[in-house]
Amino acid sequence: MTATTTTAPTAASDSGLTYVDPRAPRFGQAITATVLTAGVVFAEPLLIYAIAAILGMALLSRWRLDLYGFSWRTVMIPLVGTSERREPAAPHRFAKLMGAGCTVVASALLLAGVPLAAYLLAGMVAVLAGVAATTGLCIGCRMYQQVSFFRRLGVV
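Here the structure is a predicted model, which is why all the values come from computation and not from measurement. (Residues numbered from 1 in each chain as written. Predicted model: local features only at pLDDT ≥ 70, side-chain atom pairs only at ≥ 80, totals over all residues. Heavy atoms only, no water.)

Glancing now at the nonpolar core. Residues L36, I48 and A106 are the most contacted members of the largest nonpolar core, which totals 16 residues. Going through the elements one at a time, helix 2 (45-60), helix 4 (90-111) and helix 5 (115-135) are the ones with two or more residues in this core. It is helix 5 that provides the largest number of residues to this core, a total of six residues. Sequence-distant contacts of L36, defined by excluding residues within four places in its chain, comprise I48, I51, T103, A122, V125 and A126. Counting seven residues, the second-largest nonpolar core is a separate cluster that includes V20, F27, W72 and A89. (Core = buried A, V, L, I, M, F, W, Y, C linked by side-chain atoms within 4.5 Å. Buried < 20%, exposed > 50% of the residue type's maximum accessible area, 1.4 Å probe, protein only. Helix = DSSP H or I, 4+ residues; strand = E, 2+ residues; numbered from the N terminus. Contact = heavy atoms within 4.5 Å.)

With that settled, consider the packing of helix 4 against helix 5. Relative placement of two packed helices is described by the angle separating their axes and the distance separating the axes. Where helix 4 meets helix 5, the axes come as close as 8 Å, and the angle between the chain directions of the two elements is 160 degrees. One finds that helix 4 runs roughly antiparallel with respect to helix 5. Along this stretch, helix 4 crosses helix 5, giving a crossing that reads as left-handed. On helix 5, the residues that touch G99, C102, T103, V105, A106, L109 and L110 of helix 4 are P115, A117, A118, Y119, L121, A122, M124 and V125. Its residues placed into classes, the contact of helix 4 with helix 5 shows 13 nonpolar, two polar and no charged. (Axes fitted to C-alpha atoms, helices over the stretch in contact; angles between N-to-C directions. Parallel < 35°, antiparallel > 145°, perpendicular 65-115°, else oblique. Left-handed = near helix turned anticlockwise from the far one by under 90°. Nonpolar A, V, L, I, M, F, W, Y, C, P; charged D, E, K, R; others polar.)

Bringing the packing of helix 1 (residues 23-41) against helix 5 into the picture now. Two elements in contact, helix 1 and helix 5, have axes whose closest approach is 8 Å; the angle formed by their N-to-C orientations is 145 degrees. The two elements helix 1 and helix 5 meet at a crossing, and its hand is left-handed. Residues R26, Q29, A30, T32, A33, L36, T37, G39 and V40 of helix 1 form the contact with helix 5, whose participating residues are Y119, A122, G123, V125, A126, A129, G130, A132, A133 and T135.

Turning our attention to the environment of L59. Along the polypeptide, L59 turns up in helix 2. Expressed as a C-alpha distance, the spacing of L59 and F94, which sit 35 residues apart in the sequence, is 9.6 Å. In contact with L59, other than residues within four places in its own chain, are L97 and A100.

Turning next to the pattern of salt bridges. For the structure shown, the criterion picks out three salt bridges. For R23, the salt bridge goes to D21, with nearest N and O atoms at 2.8 Å. A salt bridge links E87 to R85, with the nearest nitrogen and oxygen atoms 2.9 Å apart. For E87, a relative accessible area of 21% translates into the label partly exposed. (Salt bridge = Lys/Arg side-chain N within 4 Å of Asp/Glu carboxyl O.)

As C-alpha coordinates, this is what we get:
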(Lines give C-alpha, C1' and ligand atoms only; values in the text may rest on other atoms or scores of the structure.)
Protein backbone atom coordinates (compact mmCIF):
# COMPACT_ATOMS: atom_id res chain seq x y z
CA MET A 1 0.00 0.00 0.00
CA THR A 2 2.95 2.24 0.13
CA ALA A 3 3.96 2.07 -3.49
CA THR A 4 5.49 5.07 -5.17
CA THR A 5 6.39 6.81 -1.94
CA THR A 6 8.10 10.15 -1.98
CA THR A 7 9.19 12.57 0.65
CA ALA A 8 7.44 15.77 -0.37
CA PRO A 9 6.73 18.08 2.54
CA THR A 10 3.87 20.50 1.91
CA ALA A 11 4.52 22.65 4.95
CA ALA A 12 7.29 23.17 7.45
CA SER A 13 5.45 21.01 9.98
CA ASP A 14 5.19 18.15 7.47
CA SER A 15 8.90 17.85 6.67
CA GLY A 16 10.13 14.28 6.62
CA LEU A 17 6.72 12.67 6.05
CA THR A 18 6.43 10.00 3.38
CA TYR A 19 3.70 10.44 0.78
CA VAL A 20 2.02 7.93 -1.51
CA ASP A 21 -0.05 7.96 -4.70
CA PRO A 22 -3.56 7.28 -3.28
CA ARG A 23 -4.26 4.75 -6.05
CA ALA A 24 -1.43 2.49 -4.85
CA PRO A 25 -3.07 1.48 -1.54
CA ARG A 26 -6.33 0.75 -3.34
CA PHE A 27 -4.45 -1.50 -5.75
CA GLY A 28 -3.04 -3.51 -2.83
CA GLN A 29 -6.39 -3.57 -1.08
CA ALA A 30 -8.07 -4.91 -4.22
CA ILE A 31 -5.53 -7.73 -4.44
CA THR A 32 -5.89 -8.51 -0.73
CA ALA A 33 -9.70 -8.53 -0.96
CA THR A 34 -9.74 -10.74 -4.04
CA VAL A 35 -7.24 -13.32 -2.78
CA LEU A 36 -8.71 -13.51 0.72
CA THR A 37 -12.23 -13.82 -0.65
CA ALA A 38 -11.10 -16.71 -2.84
CA GLY A 39 -9.35 -18.26 0.16
CA VAL A 40 -12.50 -18.08 2.27
CA VAL A 41 -14.94 -19.15 -0.46
CA PHE A 42 -12.85 -22.13 -1.54
CA ALA A 43 -11.56 -22.89 2.00
CA GLU A 44 -8.00 -22.71 0.66
CA PRO A 45 -5.53 -21.98 3.48
CA LEU A 46 -2.63 -21.35 1.07
CA LEU A 47 -4.30 -18.15 -0.12
CA ILE A 48 -4.64 -16.91 3.46
CA TYR A 49 -1.00 -17.81 4.14
CA ALA A 50 0.10 -16.02 0.96
CA ILE A 51 -1.54 -12.74 1.94
CA ALA A 52 -0.19 -13.04 5.49
CA ALA A 53 3.30 -13.57 4.05
CA ILE A 54 3.02 -10.65 1.61
CA LEU A 55 1.74 -8.22 4.24
CA GLY A 56 4.06 -9.55 6.93
CA MET A 57 7.12 -9.30 4.68
CA ALA A 58 6.32 -5.67 3.88
CA LEU A 59 5.86 -4.90 7.55
CA LEU A 60 9.00 -6.70 8.77
CA SER A 61 11.16 -5.15 6.04
CA ARG A 62 9.87 -1.70 7.00
CA TRP A 63 8.14 -1.40 3.60
CA ARG A 64 11.30 -2.15 1.56
CA LEU A 65 10.07 -5.58 0.42
CA ASP A 66 6.53 -4.64 -0.49
CA LEU A 67 5.25 -6.90 -3.27
CA TYR A 68 2.21 -4.68 -3.79
CA GLY A 69 4.43 -1.60 -4.10
CA PHE A 70 6.76 -3.35 -6.50
CA SER A 71 3.80 -4.49 -8.63
CA TRP A 72 2.35 -0.98 -8.60
CA ARG A 73 5.62 0.59 -9.75
CA THR A 74 6.54 -1.98 -12.38
CA VAL A 75 3.16 -3.00 -13.81
CA MET A 76 0.53 -0.37 -13.05
CA ILE A 77 2.43 2.93 -13.34
CA PRO A 78 3.36 2.18 -16.99
CA LEU A 79 -0.33 1.44 -17.65
CA VAL A 80 -2.07 4.24 -15.73
CA GLY A 81 0.69 6.83 -15.39
CA THR A 82 1.74 8.81 -12.38
CA SER A 83 -0.50 11.03 -10.31
CA GLU A 84 0.23 14.47 -8.96
CA ARG A 85 -1.99 13.79 -5.96
CA ARG A 86 -0.27 12.48 -2.83
CA GLU A 87 -1.44 11.41 0.62
CA PRO A 88 0.55 10.69 3.78
CA ALA A 89 1.67 7.06 3.77
CA ALA A 90 1.44 6.54 7.55
CA PRO A 91 -2.34 5.87 7.73
CA HIS A 92 -2.07 3.37 4.87
CA ARG A 93 0.88 1.67 6.54
CA PHE A 94 -1.10 1.39 9.76
CA ALA A 95 -3.98 -0.18 7.83
CA LYS A 96 -1.54 -2.63 6.27
CA LEU A 97 -0.20 -3.39 9.76
CA MET A 98 -3.74 -4.20 10.92
CA GLY A 99 -4.31 -6.40 7.87
CA ALA A 100 -1.01 -8.18 8.42
CA GLY A 101 -1.82 -8.81 12.08
CA CYS A 102 -5.26 -10.20 11.31
CA THR A 103 -4.07 -12.45 8.47
CA VAL A 104 -1.18 -13.77 10.56
CA VAL A 105 -3.63 -14.58 13.37
CA ALA A 106 -5.96 -16.22 10.80
CA SER A 107 -3.01 -18.28 9.55
CA ALA A 108 -2.14 -19.33 13.10
CA LEU A 109 -5.77 -20.32 13.71
CA LEU A 110 -5.73 -22.43 10.55
CA LEU A 111 -2.55 -24.16 11.69
CA ALA A 112 -4.06 -24.68 15.15
CA GLY A 113 -7.07 -26.42 13.64
CA VAL A 114 -9.65 -23.68 14.17
CA PRO A 115 -10.74 -23.02 10.58
CA LEU A 116 -14.09 -21.36 11.32
CA ALA A 117 -12.50 -18.56 13.35
CA ALA A 118 -9.67 -18.26 10.81
CA TYR A 119 -11.99 -17.91 7.84
CA LEU A 120 -14.21 -15.44 9.71
CA LEU A 121 -11.19 -13.26 10.49
CA ALA A 122 -9.85 -13.55 6.93
CA GLY A 123 -13.32 -12.74 5.61
CA MET A 124 -13.48 -9.64 7.77
CA VAL A 125 -10.15 -8.45 6.36
CA ALA A 126 -11.37 -9.22 2.84
CA VAL A 127 -14.54 -7.17 3.34
CA LEU A 128 -12.67 -4.21 4.84
CA ALA A 129 -10.03 -4.31 2.09
CA GLY A 130 -12.77 -4.55 -0.53
CA VAL A 131 -14.62 -1.55 0.90
CA ALA A 132 -11.40 0.45 0.99
CA ALA A 133 -10.49 -0.52 -2.57
CA THR A 134 -13.88 0.31 -4.04
CA THR A 135 -14.96 3.34 -2.00
CA GLY A 136 -11.78 4.77 -0.52
CA LEU A 137 -13.20 4.35 2.99
CA CYS A 138 -10.23 2.79 4.77
CA ILE A 139 -11.14 1.70 8.31
CA GLY A 140 -7.47 1.15 9.20
CA CYS A 141 -6.69 4.72 8.09
CA ARG A 142 -9.55 6.01 10.24
CA MET A 143 -8.24 4.00 13.19
CA TYR A 144 -4.80 5.57 12.65
CA GLN A 145 -6.38 9.02 12.88
CA GLN A 146 -8.11 8.08 16.13
CA VAL A 147 -4.90 6.71 17.63
CA SER A 148 -3.14 9.94 16.60
CA PHE A 149 -5.91 11.93 18.28
CA PHE A 150 -5.44 10.02 21.55
CA ARG A 151 -1.66 10.36 21.25
CA ARG A 152 -2.00 14.16 21.00
CA LEU A 153 -4.19 14.12 24.11
CA GLY A 154 -1.52 12.16 25.96
CA VAL A 155 -3.81 9.16 26.51
CA VAL A 156 -1.67 6.76 24.43
